Amino acid sequence: MSKEQKSKILYVSVSAIIIWTITHGYRFMNNLYTCDALIEVFQDDILFQRSLGRFMHPLVMVMRGCISNPWFIGILSLFFITASIYFVSEILKIENPLMLILLGGLLICNNTLISSVAGFLPWMDVYTIALFLSVIGVWFYEKDKLYGYILGSIAFIMCMGFYQAYIDVAFALFEIITVTKLAEKKELKKILIKTLKNIGALFASGIGYFVVYKVVCLLHHVNVTSSYHGLTQVANFENTTLFSVLIDTYRLFFRFLFSPETFVSTILMGIRISNVWKILLNAGLVCSLITIAAGLIILNIKNKIPFYQILLEIAGILLFPFAANFVCFMSKGIEHELMIYSFVFVYVFALFILDKITKDSKKKAYRYILLIPFLIFIWNGFVYANQVYFKID
């Protein structure tokens, strides 16, 4: 391991621990049971989780026991979220210390993680393991070797066996990687071949997941549930149309993105400051979208990318909401806060593009100004999370 890599691991680890403690420390150092966590202090829902296709849950129970201990679950979750941050930075080749800190902030301070910690503590480590497996699967695929596709596919099968919605993180990362490659290289044939390999391996992973799921149900005499989030209705588009489900997939993606949760604040000069924060968050989101578009334009001009390749980039951008919300599409429009972790990768995409286009820039002030939307997002997460946990207390 090189000196630079050791330094990077240190930056990621220390910053993740600090951000995690500031954001979620209150929750993990207090017995704040609420929502589903209230009825699962002693976890005995293994059969139910298996029936939902989450057949990897028993492994977690075997390794850390069935008691929902906030502190211990918090430590395990911190380990896997830190590993996820590191491997996302490796996949996207982010090396700058400040960018690494911001990446950690985005992946730790988002509403999905806050909702998971607040109301679904017994499964918090399960969610972060699913996140890690989704990220490491992409990391293996990017090696473009047979063993990488095999190990990556196993990781994806396990990811869905923990919590299916986190596979969307992999899809979002593949979108970011592919679109950026199109803006950087003229080797279109290689990019298309790699994309087809990914799609084929992902399809095989999906088949592998359903095969393993059916075998587990058969061996353990588990009845497949047809209610709640069961898999019997997945990809069953009876009584609806593909077009209407597709519209819902895009609609819910943008609805959740532009409806951020904010903290309780004061009223100043007749203005409710909480509403101001919502405006700031949405403005930051718009700035992030503009950063992605402007950054890609800069890369295209710099690398003299042909027009037909730019059209493929546009197609990739338009497909991003579908990729990041694929599980919603497959489940015919089912969506809630725990299923949308992949949405934060809109900000990760913007951070990644910003890192690329400003890496060699000597105008430091210009770079720092463009980081303001990420800082607003992270600060809101700090305050909102602590207020939520205090309310539970």
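Residues numbered from 1 in each chain as written. Predicted model: local features only at pLDDT ≥ 70, side-chain atom pairs only at ≥ 80, totals over all residues. Heavy atoms only, no water.

A. Structural detail: the overall build of the chain. The secondary structure content of the chain amounts to 17 helices and 2 strands. Scaling as 2.2 N^0.38, a compact globule of 393 residues should have a C-alpha radius of gyration of about 21 Å, and the chain matches this with 21 Å. Expressed along its principal axes, the backbone C-alpha trace of the chain runs to roughly 60 × 55 × 50 Å. Counting the 393 residues in the chain, one finds 52% classified as buried. At a minimum sequence separation of 6, the contacts of the chain that also span at least 24 residues come to 81%. Taken as a whole, the chain presents about 18400 Å² of accessible surface, with 70% of it coming from carbon and sulfur. (Helix = DSSP H or I, 4+ residues; strand = E, 2+ residues; numbered from the N terminus. Rg over C-alpha atoms; globule rule 2.2 N^0.38 Å. Buried < 20%, exposed > 50% of the residue type's maximum accessible area, 1.4 Å probe, protein only. Contact = heavy atoms within 4.5 Å. Areas by Shrake-Rupley, 256 points an atom, 1.4 Å probe, with all protein chains shown as cover.)

B. Seen up close, the pattern of salt bridges. Counted by the stated rule, this structure contains 8 salt bridges. Of the charged contacts, one joins lysine 194 and glutamate 142 as a salt bridge, the two residues approaching to 3.5 Å between their closest N and O atoms. With lysine 194 in helix H10 (residues 188-219) and glutamate 142 in the loop between helix H7 (124-141) and helix H8 (146-162), this residue pair connects regions lying 52 residues apart in the sequence. Owing to a relative accessible area of 25%, glutamate 142 belongs among the partly exposed residues under this scheme. Across the salt bridge formed by lysine 356 and glutamate 184, the nearest N and O atoms sit 2.9 Å from each other. (Salt bridge = Lys/Arg side-chain N within 4 Å of Asp/Glu carboxyl O.)

C. Representation of H10 in the model. Here H10 contains 32 residues, and its C-alpha end-to-end distance of 46 Å stays within 8% of the 46 Å for a straight helix at 1.5 Å per residue. Of all the residues in H10, the buried ones are Leu188, Ile191, Lys194, Asn198, Ala201, Leu202, Ser205, Gly208, Tyr209, Tyr213, Val216 and Cys217. Of the surrounding elements, those touching the buried residues of H10 are helix H2 (46-51), H7, H8, helix H9 (167-184) and helix H13 (307-324). (Expected span 1.5 Å × (residues − 1).)

D. Molecular detail of the packing of aromatic side chains. With the rule as written, the count across this model stands at 30 aromatic pairs. Both rings, one in phenylalanine 322 and one in phenylalanine 326, keep their centres 5.6 Å apart while their planes meet at 85°; by these two values the pair is edge-to-face. For the ring pair phenylalanine 322 and phenylalanine 329, a centre distance of 5.1 Å and an interplane angle of 70° mean the geometry is edge-to-face. Like phenylalanine 322, the residue phenylalanine 329 is buried in the burial classification. Taken together, the aromatic side chains of Phe79, Phe80, Tyr86, Phe87, Phe132, Trp139 and Phe140 make up a single cluster linked through ring pairs. Sitting over the face of the ring of tryptophan 139, lysine 143 holds its NZ or CZ atom 4.1 Å from the ring centroid. (Phe/Tyr/Trp six-rings, centres within 6.5 Å; stacked < 30°, edge-to-face > 60°. Lys NZ or Arg CZ within 6 Å of the ring centre and 35° of its normal.)

E. Main features of unusual backbone geometry. Positive phi, close to 55°, is recorded for aspartate 144, a residue that is not glycine. In this structure, aspartate 144 sits in the loop between H7 and H8. Take aspartate 144: its relative accessible area is 34%, and that puts it in the partly exposed class.

F. Fine view of the layout of surface pockets. Taken as a whole, the second largest pocket encloses approximately 400 Å³ of empty space. In terms of lining, the second largest pocket is formed by 19 residues, of which the most central are Leu289, Ile292, Ala293, Leu296 and Ile317. For the lining of the second largest pocket, the elements supplying multiple residues, two or more each, are helix H11 (242-257), helix H12 (273-303), H13 and helix H15 (345-358). Counting residues per element, the lining of the second largest pocket draws most heavily on H13, at 7 residues. When its residues are assigned to classes, the lining of the second largest pocket shows 17 nonpolar, 1 polar and 1 charged. (1 Å grid on protein atoms, 1.4 Å probe; cavity = no way out; pocket = protein on both sides within 12 Å on 5 of 7 lines; lining within 4 Å. Points joined across faces, edges and corners; volume = space filled by probe spheres on them. Nonpolar A, V, L, I, M, F, W, Y, C, P; charged D, E, K, R; others polar.)

G. Structural context of a nonpolar patch on the surface. Residues Leu146, Tyr147, Ile150, Leu151 and Ile154 make up a contiguous nonpolar surface patch of about 490 Å² in total accessible area. Structurally, the position occupied by leucine 146 is in helix H8. Look at leucine 146 and you get exposed, because its relative accessible area is 66%. (Patch = residues over 30% accessible without salt bridge, like charges linked within 9 Å, V, L, I, M, F, W, Y side chains within 5 Å.)

H. Representation of the environment of phenylalanine 374 within the structure. Summarising the element assignment, phenylalanine 374 is placed in helix H17 (residues 372-392). The exposure class assigned to phenylalanine 374 is buried, which follows from its relative accessible area of 2%. C-alpha of phenylalanine 374 to C-alpha of serine 116: the two residues are 258 residues apart in sequence and 21 Å apart in space. For phenylalanine 374, the contacting residues outside a window of four places in its chain are Leu102, Leu106, Ser288, Tyr347, Ala350, Leu351 and Leu354.

I. Seen up close, empty space enclosed by the protein. Inspection of every chain in the model, using the stated rule, returns 1 cavity of 30 Å³ or more. One number sums up the size of the largest cavity: a volume of about 50 Å³. Forming the boundary of the largest cavity are Glu142, Phe174, Ile177, Thr178, Lys181, Ile191, Lys194, Thr195 and Asn198. Contributions of two or more residues to the lining of the largest cavity are made by H9 and H10. Here the lining of the largest cavity is built from residues that sort into 3 nonpolar, 3 polar and 3 charged.

J. Broad picture of the nonpolar core. Judged by nonpolar contacts, the single largest core of 120 residues is most densely connected at Leu92, Tyr341 and Phe345. It is H7 that contributes the most residues to this core, 13 residues altogether. If we skip the residues at most four places from it in the chain, phenylalanine 345 touches Val88, Leu107, Val169, Ala172, Leu173, Ile176 and Phe320. (Core = buried A, V, L, I, M, F, W, Y, C linked by side-chain atoms within 4.5 Å.)

K. Region of the structure containing H7. Taking 1.5 Å as the rise per residue, H7 with 18 residues should run 26 Å; its terminal C-alpha atoms sit 26 Å apart, in good agreement. The buried fraction of H7 is high, at 17 of 18 residues.

L. How the structure looks around the environment of glutamate 90. Inspection of the secondary structure assignment puts glutamate 90 in helix H4 (residues 70-92). Exposure remark for glutamate 90: the relative accessible area of 23% places this residue in the partly exposed category. Residues glutamate 90 and isoleucine 19 lie 71 residues apart in sequence; the distance between their C-alpha atoms is 20 Å. Those residues in contact with glutamate 90, other than ones at most four positions away along the chain, are Gln5, Lys8, Glu95 and Trp139. One polar contact links glutamate 90 to lysine 8, side chain to side chain, over a distance of 2.7 Å. (Polar contact = N/O pair within 3.5 Å; in protein donor to acceptor, adjacent residues only side chain to side chain.)

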